[in-house]
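Survey of secondary and tertiary structure
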Amino acid sequence: MRHLHLGNTCLTQGEDTHTMLKEHLNNLVHKTLKPFGHEAAICNLENRFGPHGMRGTDFYGHQFPIVYRAALRNFFEFHKRLPDAKALPFAADHLFFSKFFRYFPTTPNAAGKLNAPEFLDQKRFSNKIYIPRRACVSNMPLSTKDLSLVLGWWLKLDLGNAAMVKVDPSIDKSGQKMLRALTKKWFRTQRYGWRWGEWWYSASPQHIFMEEDLTDRMPGDEYQLFMKWGRCVMIKKKRIFRSKNPASERTIASFYDHVGNHIPGKQYGSGSHDSLELSNHLDVMLEAATQIAAVFDHIRVDFILLHDAPALGELSYCTMNARIRYSTAELEALARQAVELDIVPQSEGRPSHEALESKLRQ
């Protein structure tokens, strides 16, 4: 017999495991919500966005217990344990609870691909950071009367994940019909992430748009900068070995601290490598990410490295929907610093930048 340990509860895996797990999760919703009363410190996370700031608990309202239950199940499927609200031992635990208790802006909504450039001082970085060209922005599916396409560009969904398709320059009427059907499905389907707590994809109107194809200008490197109150804590560099067959593409990744020291280890489910040379454009990426992230408790700023400059990618709140684990204690500790919830009463104020930098040097 295999046993599943959920806190102090042990379930024997068998025919009734699914039912027992469901009952346990139903009970757990009420148990884990107990620490989150109005006096709990986790409810006192600072809102720097004023009336435009929102938490998952605010967004879901009376549906919160339903979504919270589904989020617990999602977390358990990957980690084979439940999130620990008291000890918050790993980065994944902080990310899980941040979905419901951390404030994020809704106007503009940083989760939207189209909005990411709005958080960058484009005048300051006009010759340093490339903003991909976009066109044909629409708040409705493609129609026969107005089939707005740029051949050879990508058709993308603004708020979502992996919803994009490249428009073949030789597209025929059958291909156009397929694209119309696809965009109708994008708008008709429930927003990505709503069911398991990534509510920000549902917090503003949906759009589709065309974006230029940068493949020929990309050496295959991407950077993810994990930011905490405007300070870089961790850097992830991904190298993609592209192939004409997408199924044959291979990715490796390396991690670094905020000054570029390589941190051994890997993120499970991601290819690893001892160390990859960092780009000489890293300084400008750090400068831009620092400006973007100044008001964010935590955010991940992505860049795509072109041959001549970095291009701004997406802004992300919850990496892999908290379905992440790291292979070494050092890497896990660094990742945790980048995403940890500041569990302090508002009356005590925010930690100073000097205190944060001191902590990062430890």
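Residues numbered from 1 in each chain as written. Predicted model: local features only at pLDDT ≥ 70, side-chain atom pairs only at ≥ 80, totals over all residues. Heavy atoms only, no water.

1. Looking at the side chain of E211
Residue position: E211 is located in strand β8 (residues 208–211). The buried category is assigned to E211, whose relative accessible area is 8%. Separated by 2.7 Å, the side chains of E211 and R134 make a polar contact. Within the local environment of E211, its side chain forms a polar contact with the side chain of K156, the two groups lying 2.7 Å apart. (Helix = DSSP H or I, 4+ residues; strand = E, 2+ residues; numbered from the N terminus. Buried < 20%, exposed > 50% of the residue type's maximum accessible area, 1.4 Å probe, protein only. Polar contact = N/O pair within 3.5 Å; in protein donor to acceptor, adjacent residues only side chain to side chain.)

2. Observations concerning the sheet that holds strand β5 (residues 134–138)
Taken in spatial order, the four strands of this open sheet run β5-β8-β6-β7, and their pairing is antiparallel. The sheet terminates laterally at β5 and β7 (164–166), the two strands that pair on one side only. On average, each strand axis in the sheet is inclined to that of its neighbour by 15°, with strand direction left out of account. Sheet topology places strand β6 (residues 154–157) next to β7; three bridges connect them, and they run antiparallel. Each residue of the ladder has a partner; that of L155, found in β7, is V165. Strand contacts of helix α5 (residues 173–188): β5, β6, β7 and β8, with the helix running at about 20° to β6, the strand carrying the most contacts. (Pairing = 2+ DSSP bridges. Axes fitted to C-alpha atoms, helices over the stretch in contact; angles between N-to-C directions. Contact = heavy atoms within 4.5 Å.)

3. What to know about the nonpolar core
Core analysis: the biggest nonpolar cluster contains 72 residues, and F96, F100, L225, I299, V301 and F303 have the highest contact counts within it. Those residues in contact with F303, other than ones at most four positions away along the chain, are I129, E222, Y223, L225, M285, A288, A289, P310, A311, L312 and G313. Of all hydrophobic cores here, the second largest spans 11 residues; its members include L142, W153, L179 and M210. (Core = buried A, V, L, I, M, F, W, Y, C linked by side-chain atoms within 4.5 Å.)

4. Quick notes on helix α3 (residues 64–79)
In a regular helix each residue adds 1.5 Å, so 16 residues correspond to 22 Å; α3 covers 22 Å between its end C-alpha atoms and thus fits that length. Every buried residue of α3 is listed here: F64, V67, Y68, A71, L72, N74, F75, F76 and H79. Looking one or two places after α3, you find K80, whose phi comes out positive at around 60°. (Expected span 1.5 Å × (residues − 1).)

5. Concerning unusual backbone geometry
T107 connects to P108 through a cis peptide bond whose omega is -5°. Here P108 lies in the loop between β4 (104–105) and β5. One non-glycine residue, L88, lies in the positive phi region at around 45°. With respect to the element layout, L88 can be found in the loop between α3 and α4 (91–101). Of note in the backbone geometry, A322 takes a positive phi value of approximately 65° without being a glycine. Take A322: its relative accessible area is 0%, and that puts it in the buried class.

6. A closer look at the environment of D168
The topology assignment puts D168 in the loop between β7 and α5. Within the local environment of D168, its side chain forms a polar contact with the side chain of S170, the two groups lying 2.7 Å apart.

7. Quick notes on the environment of W153
By the element assignment, W153 lies in the loop between β5 and β6. Sequence-wise, W153 and F209 are 56 residues apart; in three dimensions their C-alpha atoms are separated by 9.9 Å. Those residues within four positions of W153 in sequence are excluded, and the remaining contacts are R133, R134, A135, V165, K166, V167, M210, E211, E212 and D213.

8. Comments concerning the sheet that holds strand β11 (residues 250–257)
Two modes of strand pairing occur in sheets, parallel and antiparallel, and in both the strands are linked by backbone hydrogen bonds. Sheet architecture is open: six strands sit in the order β12-β11-β10-β9-β13-β14, paired in antiparallel fashion. Strands with a single pairing partner mark the edges of an open sheet, and in this sheet they are β12 (262–263) and β14 (310–316). Relative to strand β9 (residues 221–228), helix α6 (residues 282–292) is tilted by about 40°, and along the sheet it contacts β9, β10 (231–241), β13 (298–305) and β14. Those strands touched by helix α7 (residues 329–339) are β9, β10, β11, β12 and β13, and its axis lies near 120° from that of β10.

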